[in-house]
Amino acid sequence: MVGWLSPDSIDLDLVVFTKDGTLLDFEATWISGYRECAERVSIAAGEPALAPALLKAGGLNTTDDGSIVIMTSSVVRQGSLREVAQHWVDTQPMIAAHWHGAFERLLELMEETLLEATTRDVTPLGQAAEGLQRLRDAGIQLALVTSDTERITRSQLRRLGWEGYFAPILTAESGYDDMPSGAAVSAAITESGCEPQRTVVVGGAARDVDAGLAAGCLFTVAVFPESKQLPAMLAGATCRVSDVGGLPTLLTDAGVRRLMAPLPSTCGEYWRFDPAVGEEAALAEEERASQRESLMSEIDPAIVSIVDAMMPVHQF
């Protein structure tokens, strides 16, 4: 975890997620799709050999062993489908010549290809499904904000059985400025009937964190492997998790009331809402109580009486 969270209890009503690189494994979900997309676009333009150039222009580099990696700052990773298509037109004269005056048809071809491929290959990032379920079980609302298209987004969510988790779902067609303006996050908060001060934004890119800050949210969480050094672009996040599966525990540690249960016979005190942890804590407390009784039995009763006599008397 990076950053600092108040130990005081927190009222949290809404978590706003971005999609790719946050809930979904970006590489596993998108690499094959973009390879197929580049091939189809190149064939349609009458230049099949152009596919590698399209991939490279988008930020997908081929390694020595033939595998493809997506550069962090690439337009494929950071941009919308429309931005990728425009980038291909701007950087590849043969694509520009073939699709001149038919840009929307190029978009349709790309979307159809990616819809089929990414729905087929959609892969959760880590234990995301478990994390989402625990948040929902705790009564926390979930919203999704993405620059991806409506068709692709909902198709991926249906394939995973996640579509019912999120309301609202804001996509490229929702009409809000792309992140990091914060407009889409603010819209999600408004549509959820929540307040920024009771909302957390979770994302895997700098623009996600910036959007949460711009919208005035309670705090932001960066999704990034804890085995790797956190890049400077994510340093503005309050804290981080390796995947969304760890988010409920992080929020519990932060003091989120909805993820915590009140202790018996206490007022205003909470303990972690985790059955396994709760059972272990109860057993540990029993052991400590037994140890205290054992110690007390070894103390001279006369000393106990003297100490008791020194204690102030409280009247209720």
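Up top is the structure these notes are about.
Sequence positions are assigned chain by chain, starting from 1 and proceeding in written order. Per-residue local features of the predicted model are confined to residues with pLDDT of at least 70, and side-chain atom pairs are confined, for both listing and counting, to 80 or more; whole-chain, interface and lining totals are unaffected and use all residues. Only hydrogens and water are removed before side-chain values are computed, so all heavy atoms of the structure are retained for them.

J.: Any chance you could explain the environment of Thr 113 here in plain terms?
T.: The numbering of helices and of strands both runs from the N terminus, where a helix is a DSSP run of H or I of at least 4 residues and a strand a run of E of at least 2. The topology assignment puts Thr 113 in helix H6 (residues 103-121). The spatial distance from the C-alpha of Thr 113 to the C-alpha of Arg 40 is 8.0 Å, given a sequence separation of 73 residues. Residues count as neighbours in contact if any of their non-hydrogen atoms are within 4.5 Å of one another. Beyond its immediate stretch of four places on either side in the chain, Thr 113 contacts Gly 33, Glu 36, Cys 37 and Arg 40.

J.: Mind showing me how you'd approach the layout of surface pockets here?
T.: Empty space among the atoms becomes visible once a probe the size of a water molecule is rolled across them. The method works on a 1 Å grid over the protein atoms by themselves. A cavity is a set of points holding a 1.4 Å probe that cannot get out, a pocket is an open set with protein on both sides within 12 Å along at least five of seven lines, and residues with an atom within 4 Å of a point line them. Grid points are joined across faces, edges and corners, and a volume is the space filled by probe spheres set on the points. A volume near 710 Å³ is recorded for the largest pocket. Forming the walls of the largest pocket are 37 residues, and the residues nearest its centre are Asp 20, Gly 21, Phe 26, Arg 77 and Gly 204. Sorting the residues of the lining of the largest pocket by element identifies helix H1 (26-44), helix H3 (75-78) and helix H10 (206-214) as the ones contributing at least two each. At four residues, the largest contribution of residues to the lining of the largest pocket is made by H1. Taken together, the residues of the lining of the largest pocket sort by class into 18 nonpolar, 10 polar and nine charged. One number sums up the size of the second largest pocket: a volume of about 220 Å³. For the second largest pocket, the full set of lining residues is Ser 80, Leu 81, Arg 82, Glu 104, Leu 107, Glu 108, Glu 111, Ser 147, Thr 149, Ala 172 and Glu 173. At the level of secondary structure, the elements contributing two or more residues to the lining of the second largest pocket comprise helix H4 (81-91) and H6. Take the lining of the second largest pocket: its biggest share by element is four residues, from H6. Three categories are distinguished: nonpolar for Ala, Val, Leu, Ile, Met, Phe, Trp, Tyr, Cys and Pro, charged for Asp, Glu, Lys and Arg, and polar for the others, with Gly belonging to the last.

J.: Would you mind going over the nonpolar core with me for this structure?
T.: In a soluble, globular protein the nonpolar side chains are often hidden away together inside. If you look at the biggest cluster of nonpolar residues, it comprises 33 residues, and the most contacted ones within it are Phe 17 and Phe 166. Element by element, the count of residues in this core is highest for helix H11 (residues 247-254), at four residues. The contacts of Phe 166, once residues within four sequence positions are left out, are Phe 17, Leu 23, Leu 132, Leu 142, Ala 143, Leu 144 and Leu 157. The next biggest cluster of nonpolar side chains, apart from the first, holds 30 residues, and it includes Phe 26, Leu 81, Trp 99 and Ile 152. Put simply, buried Ala, Val, Leu, Ile, Met, Phe, Trp, Tyr and Cys residues joined by side-chain atoms within 4.5 Å make one nonpolar core. Exposure categories follow from relative accessible area, calculated using a 1.4 Å probe and restricted to protein chains: below 20% of the type maximum is buried, above 50% is exposed, and the middle band is partly exposed.

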